[in-house]
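Coordinate inspection notes
Okay, here's what each chain looks like letter by letter:
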Amino acid sequence: MANAANAPRQKVVISTRVDKVSTGARLTSSFRATIAVIVALIMLIPVAWMAMTAFKTRPDAVAVPPKVFFEPSFEGFVSLLTSRRQLTNDEIAVYQQRTDLGWADQIALIRGQAITGPSAFPRQLLNSLIISGVSTVFSVGFGVLSAYAFSRFPVPGKDDLLFFILSQRMLPPVVVTIPIFLMYRQVGLHDTHIGMVLLYTAFNLSFSVWLLKGFIDEIPREYEEAAMVDGYTRLQAFRKIVLPQATTGIAATTVFSLIFSWNEYAFALMLTSDAARTAPPSIPLVLGTGGIEWAAIAAGSLAFLIPVVIITFLLRRHLLRGVTFGAIRKG
Amino acid sequence: MANIELRGVEKKFGDVFAVKPLDLTIKDGEFIVLLGPSGCGKTTTLRMISGLEAVTDGQILLDGRDVTWLHPSERDIAFVFQFFALYSHMSARDNIAFPLQAAGMARDEVKQRVGQVAALLRIEHILDRKPGALSGGDQQRVALARALVRRPAAFLMDEPLGALDAEFRETMRAEIKKLHLAQHATTVYVTHDQIEAMAMGDRIVIMSAAVVQQVGTPTEVYHNPANLFVARFIGSPGMNLVKAKVEAGGVRLPGGSLAPVSDRWRHALEGSGLKDGSVVLGFRPEAVQVRDGGALRAAVYADDLHGGYTMLHLELADGEIIHGRAARDALNALGSAVRFDLDPDMMRFFNPETEMAIPS
Ligand SMILES: Nc1ncnc2c1ncn2[C@@H]1O[C@H](COP(=O)(O)OP(=O)(O)O)[C@@H](O)[C@H]1O
Ligand SMILES: [Mg+2]
C-alpha cells in the first residue's frame, strides 16, 4: 500500500499541495475565500461611496434616495482647489457670453461663481506631505538606531528606559496639546514645519523603537559577528547585514509612522494655522456658501487617501513577506 | 598561518567564571579541538580568541603580536558559527565573496578566489542559490567556503557539524580534516562529541566547568587521563573506575580479589600519600582479559555484540558494573561467573580525594 504510506497521517487542513488536501478542507478554504471577499466588499463600500461623491454635483451628492448612477462632474474638485466669488445675475449673463473661460471656470459658472484664485488646499496637502514625510524618515531612522542599541548593547537601565519610551505613547494627544501650544508659542515653533516635524517624530519614535527592536531582536547576533570577523566594522556590518535583514520591520514601521502623522488631527488643528497647516484639519472646513460642500469634502478626502495607498502598495511585498531567516537554525 | 598563544585568559559574566584563567599555546598549522560538555566555556574561549568577546583578564597573542584588544575585523581570523550564520538575503556566491569585499579586493580577483574555493568544496552548482534553499550540508560547505576564501591566519569552528544529520556528519568530518591537511591552517575546533575530537584533533583540550582539565594528543588523553573527569569523559564507554585498597601484593577490589600491580606502580602508589590506602583503579575495556584462572572474579551482567568484538558488562561483588572487551566469538551465559586479569601496562590509578591521576 504505497499510496496509504504516502498519504498524510492526519487530515491536512492548510497545505499548498493540492494532492494532499482533503475535499472537505478544500471546500472550507473556498468558503473562507468567499467570506473574505464579502468582508472586503463591506469594508470598501464607504471608500467607494466617498470616491463616487467626489465626482457628484452638489444636488446629486445630497439627493434622497442616494444616487448610485449619476453623471460625473468635477465640481467637487473645482470647489476644493479654487477660491471663488459669487456673481450677480448681471455678471453671470456677461460671463456666459465670454469664450475665454477654461473648463474649471465653466464648472464654477454653473453655480453662478467665478474663480478668483487657487485655494489653500494644494498647499496644505504639500505641508502634509513634507511634515509627515520628514517626520517618518526621522522617526524610522532614529528608531532603527536606538532599537539596534537597545537590542545589542548592555544599555544601563535598559528596561526602565524602554518603559519610559513606551509611556510617551500612553498620553492621549489632546491632553498635551494645550501645554505644547503654549510652549510652541513661546519658542516660536507655532505654525512652523519644524515644530510639527519635531512633534510627530517625538510621538512616533516611542512606537518605532519598540516595533523595530522586536524585529532586530529576531536577527541573530551571529550575522553581525560573522561580518565583523570577516573584516567589517560594526557600522558596516549594521549597514550591510542588519538593515537588509530588517527590511520588513522598517517597512512596517514606515507605514505606521506615515499613517499616524498623515492622519493626525488634534495637534495639527491647535498648532498650525496657516503656513504649516496640514490637510486633515482643513478638509472639513471646505464649506461653501449656503451649505456643506459634500463633493468637495469627498474630493479632499480622496486626494488625501491616495499617497498612503501608494506607499502601502509600494511596500506591500515587504509587509506581507514573512520574516525569513534563511540559514540560521536555532538549536 | 599563525600560532596562537593564550596567557591567563579568563572570562567572567558578573561574578561567574565562564572560563577560568587558561594558558594554551597553539602551534602553527595545528588542529586543536576544544572538547567538553555543554556550558563548560568552549564557545566563550573561541569568541575571546576571535575578539567577539572581551577578555576579563589575560593576553591573547597571534604570532607573537598582542591582539587582546583588537577589533575582530583586525585579527585576520575566520569563524565558522555553530548555526552557520549565512546571510539569508545574499546568494551563496555573495556570501562567500563578502569577506573579500571587506578588504576591497578587485572584482576579477574576488571572482577567481570564489571560483577556486567553490571548486575545492564542490559547490559550484549551488552558488546562485540563497542559503534558505540549500540543504544543511551545503549550507555548511558555503559557511566553510566563506571562511576559507580569505586564507586567514587561523580558523575557529564552533561545533560546525552539530546542526547536521548524523549520517552527514561523518562525511563533513572527513572533508574538514582533508581541508585542514591540504591547507595546513591553524584551526581551533569546538565540539562536545569526544569521538569527533579523537578523530580530528592533533591535540585535544578537555574542559569542564570553565577549567581546562587536560591538554594532550588523542592517545595521551585516552590512555593517560589527567583526572577522573577525563577518564570518564573520553571513550565510549569511559574508563572503568573501581574503588580499591592498596595492599602488599597489589590492589584489592571490592569482593576480595587482589589485582597484582607492577613494581613500578607499587612504588608510585606507596609514595603518593593516599589516605588509608584508598585508591581508584582505572582501566580501559581492552585491558580486561577474560580467562580461566584469572585473578579477578565477576558475574556476566550483559553482553553486547559489536560485530568486531563483544562488549561484556561485568558485575563486581559490590554491584559495580565494569566493561570489558572480549573476542567476537566468546560465549558467556548471562549470570555466569567469569575470571579475568588486567593488562598490567594498562592500569591507571587516581587519588580519590583529589581525583587526580597518580603519576607512575
Ligand atoms: N553573554 C553571556 N552572559 C552570561 N553568561 C554567559 C554568556 N555567554 C555564556 N555564558 C555562560 O558561560 C558559560 C559557558 O558558556 P559557553 O562558552 O557557551 O559554553 P559551551 O560553548 O562550552 O557550551 C555558560 O554557563 C553560559 O551560561
Ligand atoms: Mg557552545
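It should be emphasised that the depicted structure is a prediction, and the values quoted were computed from it without experimental measurement.

**A short note on the overall build of chain B**
- Helix and strand counts for chain B come out as nine helices and 20 strands.
- The principal-axis extents of the C-alpha atoms in chain B amount to approximately 75 × 45 × 35 Å.
- Put simply, chain B has 360 residues, and 52% of those count as buried.
- Taking contacts inside chain B between residues at least 6 apart in sequence as the whole, the part at least 24 apart equals 66%.
- Put simply, chain B shows about 15700 Å² of open surface, and 50% of that area lies on carbon and sulfur atoms.
- Side chains of chain B give 39 positive and 45 negative charges; the mean places of these two sets differ by 3 Å.

**Some remarks on the pattern of salt bridges**
- For the structure on display, the rule yields 26 salt bridges over all chains.
- In this structure, the salt-bridge partner of A:E224 is A:R152, at a minimum N-O distance of 2.6 Å. Highlighted residues: A:E224 in helix α11 (residues 221-229) and A:R152 in helix α7 (residues 121-152), separated in sequence by 72 residues.
- Of the residues examined, A:E224 reaches a relative accessible area of 2% and is grouped as buried.
- On the accessibility criterion, A:R152 (8% relative accessible area) is buried.
- Between B:D138 and B:R141 there is a salt bridge, with the nearest N and O atoms lying 3.1 Å from each other. Here the residue B:D138 and the residue B:R141 both occupy positions in helix α4 (residues 136-148), the gap between them amounting to three residues, near one helical turn. B:R141 carries the same exposure label as B:D138, and that label is buried.
- One continuous salt-bridge network, built from bridges that share partners, spans A:D230, B:D76, B:R146 and B:R150.

**Some thoughts on the site of ligand 1**
All names here are of chain B.
- Surveying the vicinity of ligand 1 reveals the residues F13, A18, P37, S38, G39, C40, G41, K42, T43 and T44.
- At 2.5 Å, a side-chain N or O of T43 approaches an oxygen atom of ligand 1.
- The contact in question runs from an oxygen atom of ligand 1 to an N or O atom on the side chain of T44, over 2.5 Å.
- For ligand 1, the accessible surface in isolation is 560 Å², of which the surrounding protein chains cover 55%.
- A total of three residues in the shell around ligand 1 trace back to one element, the largest contributor, which is helix α1 (residues 42-50).
- Class assignment of the residues belonging to the shell around ligand 1 gives a composition of four nonpolar, five polar and one charged.

**With respect to the sheet that holds strand β12 (residues 250-252) of chain B**
Residues and elements named next belong to chain B.
- Pairing in this open sheet of five strands is antiparallel, and the strands run β13-β12-β11-β14-β20 from one edge to the other. Strands with a single pairing partner mark the edges of an open sheet, and in this sheet they are β13 (258-260) and β20 (347-350). Neighbour-to-neighbour, the strand axes of the sheet open up by a mean angle of 40°, direction not taken into account.
- Pairing between β12 and β13: three bridges, direction antiparallel. Within the sheet, the bridge partner assigned to V251 lies in β13 and is A259.
- Together, β11 (240-246), β12, β14 (278-283) and β20 form the strand contacts of helix α9 (residues 263-270), whose direction differs from that of β20 by roughly 0°.

**A look at the domain arrangement of chain A**
All names here are of chain A.
- Examined at the domain level, chain A breaks down into domain 1 (74-118) and domain 2 (121-325).
- Taking only C-alpha atoms into account, the centre of domain 1 sits 40 Å from that of domain 2.
- For the domain 1 face of the interface with domain 2, the top three residues by lost area are G76, F77 and L80, together amounting to 60%.
- Applying the counting criterion to the domain 1 and domain 2 interface returns one salt bridge.
- Taking the shortest distance from any N to any O, the salt bridge between R111 and E293 comes out at 2.7 Å.
- Remark: the boundary between domain 1 and domain 2 carries one residue pair in polar contact (both at pLDDT 80 or more).
- Elements represented by at least two residues in the side of domain 1 that touches domain 2 include exactly α4 (75-81) and β1 (82-86).
- No other element matches α4, which puts five residues into the side of domain 1 that touches domain 2.

**Let's talk about the packing of α7(A) against helix α12 (residues 234-245) of chain A**
Residue and element names in this part refer to chain A.
- Interaxial distance between α7 and α12 falls to 13 Å at its minimum, and their mutual angle equals 110°. Our classification of the angle between α7 and α12 gives roughly perpendicular. For the pair α7 and α12, contact is made by V144, L145 and Y148 and by R234, F238, V242 and L243, respectively.
- In terms of residue class, the contact of α7 with α12 is made up of six nonpolar, no polar and one charged.

**Focus: the sheet that holds strand β1 (residues 4-13) of chain B**
All names here are of chain B.
- If you trace the four strands from one edge of the open sheet to the other, you get β2-β1-β4-β5, paired in antiparallel fashion. Unpaired on one side and paired on the other, β2 (16-26) and β5 (65-66) mark the two borders of the sheet.
- Strand direction decides the pairing type here: β1 and strand β4 (residues 57-62), joined by five bridges, are antiparallel. The residue of β4 that forms the bridge with R7 is Q59.
- Helix-sheet contacts for α1 involve β1, β2 and β4, and the interaxial angle to β1 is about 120°.

**Things to note about the domain arrangement of chain B**
Residue and element names in this part refer to chain B.
- According to the domain assignment, chain B consists of domain 1 (4-232) and domain 2 (238-350).
- Look at where the C-alpha atoms of domain 1 and domain 2 centre, and you get two points 39 Å apart.
- Roughly 780 Å² of surface becomes buried between domain 1 and domain 2 when both sides are summed, with 58% attributable to carbon and sulfur atoms.
- The largest per-residue losses of area from domain 1 upon contact with domain 2 belong to Y222, L228 and A231, which jointly make up 55% of the total buried on that side.

**Things to note about unusual backbone geometry**
- Residue A:V64 is joined to A:P65 through a cis peptide bond whose omega torsion reads -5°.
- Note that A:P65 resides in the loop between α3 (58-61) and α4.
- Omega for the bond connecting B:S236 with B:P237 falls within 30 degrees of zero, at 0°, which places this linkage in the cis form.
- For B:P237, the location among the structural elements is in the loop between α8 (228-233) and β11.

**Considerations on the side chain of B:E196**
Residue and element names in this part refer to chain B.
- Structurally, E196 can be placed in helix α6 (residues 194-200).
- Within the buried set, E196 has no salt-bridge partner at all; the shortest N-O distance to an opposite charge, 4.8 Å, is to R173.
- At 2.6 Å, the side chain of E196 forms a polar contact with the side chain of Y189.
- Non-local contacts of E196, meaning those with residues more than four positions away in its chain, are made with L161, R169, R173, Y189 and T191.

**Thoughts on the interface of chain A and chain B**
- On the side of chain B, 28 residues touch chain A, which itself brings 24 residues to the contact.
- If you look at where chain A meets chain B, you find 11 residue pairs in polar contact (both at pLDDT 80 or more).
- Contributions of two or more residues to the side of chain A that touches chain B are made by α11 and α12 of chain A.
- Within the side of chain A that touches chain B, the residues separate by chemical class into 11 nonpolar, six polar and seven charged.

What counts and what doesn't
- Note that residues are indexed from 1 along each chain, following the sequence as it is written.
- As a convention, the first chain written is A and the first ligand written is 1, with the rest following in written order.
- The model is predicted, so local features are restricted to residues of pLDDT at least 70 and side-chain atom pairs to those at 80 or more, both for listing and for counting; the totals for chains, interfaces and linings are taken over all residues.
- In computing side-chain values, all of the structure's heavy atoms are included and hydrogens and water are not.
- Strands are runs of DSSP state E lasting at least 2 residues, helices are runs of H or I lasting at least 4, and numbering of each runs from the N terminus.
- Accessible area is worked out with a 1.4 Å probe on protein chains only. A residue is then buried under 20% of its type maximum, exposed over 50%, and partly exposed in between.
- Contacts are residue-level and defined by heavy atoms, with any inter-residue pair within 4.5 Å sufficient.
- Surface accessibility follows the Shrake-Rupley procedure with a 1.4 Å probe radius. Residue values consider only the protein chains on display as shielding.
- Positive charges are assigned to Lys and Arg, negative charges to Asp and Glu, while His and the chain termini are left out of the count.
- Charge positions come from single atoms, namely NZ of Lys, CZ of Arg, CG of Asp or CD of Glu.
- We define a salt bridge as a contact between a side-chain nitrogen of Lys or Arg and a carboxyl oxygen of Asp or Glu at a distance within 4 Å.
- Residue proximity to a molecule or strand is established when one non-hydrogen atom of the residue lies within 4 Å of it.
- As used in this structure description, the phrase polar contact means that two N or O atoms lie within 3.5 Å; if the pair is within protein, one of them must be able to donate a hydrogen and the other to accept it, and residues adjacent in sequence are counted only when both atoms belong to side chains.
- In this count, Pro and Cys sit with the nonpolar residues alongside Ala, Val, Leu, Ile, Met, Phe, Trp and Tyr, while Asp, Glu, Lys and Arg are called charged and the others, Gly among them, polar.
- Strands are treated as partners if at least two bridges between them are detected by DSSP.
- For helices, the fitted axis covers only the stretch in contact; all axes are lines through C-alpha atoms, and the angles between them, taken along N-to-C directions, range from 0 to 180 degrees.
- An automatic or database domain assignment supplies the start and end points of every domain.
- Once two parts are put together, the accessible area they lose, assessed with a 1.4 Å probe and summed over both, is termed the buried area.
- Roughly parallel refers to an angle under 35 degrees, roughly antiparallel to one over 145, roughly perpendicular to one between 65 and 115, and oblique to any angle outside these ranges.

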